[in-house]
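One-letter residues, chain by chain:
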Amino acid sequence: MAKTFLPYAYLRWAFLSFQDANISIATHALHYGTAAFWGIRVTVTDEWNALFFRLDDHAKRLSRSAHYLGYEIAPEFIRSRLIEFVEMNKPTTSIYIRPLVYTSDLDISPRLHEIEKDFLIYGIELGDYLSADGVSATISSWVRQSDASFPLRAKISGGYITSALAKSEAVERWFDEALMMNSAGKLSEWSGMNVFLVRDGTIITPGVTEDILEGITRSSVISIARHLGYEVIERSVDKSELFIADEVFLTGTAARITPVKKIEQYILPADRPVFSALKSYMNTIFSREATPFSYWIEEVKF
């Protein structure tokens, strides 16, 4: 898939052209996966405003993730650089920004102590990451990592080998996405998104103890659903429940909120009243209409 990168990036504490933002082939993080990242979408309006979604929460989460790498970087610093990044690039369409903290040392020892770290930002133009009409899914043969052996509260880059294997396995089997179970055989998440299902009007999603990533879009959808009067249950989910669900959908920063049409050979109902209500309300928030969640949107003029 062709990508249009924004003209400026941030690297080694300075803004520079994307073409000049390069690192060495000996960079520690490249070899050991010792990096942490997040993504944040920015919607651009006709008034040359950039609409950040839950900017403070994204900055705090990356700061916490950096802590696992032994890297102290303040949320306020991340937040300021993201705003400057948009102001400098002056995007004309909606974008996806990727900030990343990483071990930048040129060293061959797999460690996190006494090693140089750095922070970078780049961005791309991005529309729909997945089909808005819905996706097909398979249950992956790859198992989600366990928090006992991997810090799943952070988006550590090295862990995404499992996601990559699951995603490619799914596509090679002619599906769009992969669902991963955890080591206990319970539903965990997609290759890079959180999962929800609906049964008899109740929304169910794997709890935070099911080796999931604590997604910001996930928490947003839970808050919206409860505001709309839906019961939301966070618990263990068996694989068999997927095949009797009334609705299944996924959430993530890139994917936003996307319905699922098919899991293995099971065709889900085309009528998705719960998903449609949540999607509509999310759109209302981004249209800047007054809601209890209006504070999630921060406007930056550029």
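Scroll up to find the structure.
None of the values given here were measured: they were computed from a predicted structure.

A. Seen up close, empty space enclosed by the protein. Evaluated as defined, the whole model comprises two cavities of 30 Å³ or more. Lining of the largest cavity is provided by Arg-144, Gln-145, Phe-150, Leu-152, Ala-154, Lys-155, Ile-156, Gly-159, Tyr-160 and Leu-213. By residue class, the composition of the lining of the largest cavity is six nonpolar, two polar and two charged. In this structure, the second largest cavity is lined by Trp-38, Gly-39, Ile-40, His-58, Ala-59, Leu-62, Ile-78, Leu-82 and Pro-99.

B. Region of the structure containing the packing of aromatic side chains. The full count for this structure, using the stated rule, is 16 aromatic pairs. Ring plane angle 55° and centroid distance 6.0 Å describe the contact between Phe-249 and Phe-275, whose orientation is recorded as tilted. With Phe-249 in strand 14 (residues 247-252) and Phe-275 in helix 6 (residues 273-286), the pair connects residues that are 26 residues apart, well separated along the chain. What makes Phe-249 buried here is its relative accessible area of 0%. Taking the relative accessible area as the measure of exposure, Phe-275 reaches 9% and is therefore buried. When the centroid spacing of 6.1 Å and the interplanar angle of 80° are considered together, the rings of Tyr-281 and Phe-293 count as edge-to-face. Within this pair, whereas Tyr-281 is found in helix 6, its partner Phe-293 is found in the loop between helix 6 and strand 17 (297-301), the two being separated by 12 residues in sequence. The two residues Tyr-281 and Phe-293 agree in class, both being buried.

C. Quick look at the layout of surface pockets. Roughly 820 Å³ of internal volume is contained in the largest pocket. Along its surface, the largest pocket is lined by 34 residues, and Phe-37, Tyr-96, Arg-98, Tyr-129 and Ala-254 are the ones closest to its centre. Among the elements of the structure, strand 6 (95-103), strand 7 (117-125), helix 4 (160-172), helix 5 (216-227) and strand 14 are those that each provide at least two residues to the lining of the largest pocket. The dominant element in the lining of the largest pocket, judged by the number of residues it contributes, is helix 4, at five residues.

D. Just the pattern of salt bridges, in detail. All chains considered together, the criterion is met by 16 salt bridges. Arg-79 is paired through a salt bridge with Glu-298; the nearest N and O atoms lie 2.5 Å apart. Here Arg-79 is found in helix 3 (residues 75-89), whereas its partner Glu-298 is found in strand 17, with 219 residues between them in sequence. The class for Glu-298 is partly exposed, based on a relative accessible area of 23%.

Definitions and cut-offs
- Residues numbered from 1 in each chain as written.
- Predicted model: local features only at pLDDT ≥ 70, side-chain atom pairs only at ≥ 80, totals over all residues.
- Heavy atoms only, no water.
- 1 Å grid on protein atoms, 1.4 Å probe; cavity = no way out; pocket = protein on both sides within 12 Å on 5 of 7 lines; lining within 4 Å.
- Points joined across faces, edges and corners; volume = space filled by probe spheres on them.
- Nonpolar A, V, L, I, M, F, W, Y, C, P; charged D, E, K, R; others polar.
- Phe/Tyr/Trp six-rings, centres within 6.5 Å; stacked < 30°, edge-to-face > 60°.
- Helix = DSSP H or I, 4+ residues; strand = E, 2+ residues; numbered from the N terminus.
- Buried < 20%, exposed > 50% of the residue type's maximum accessible area, 1.4 Å probe, protein only.
- Salt bridge = Lys/Arg side-chain N within 4 Å of Asp/Glu carboxyl O.

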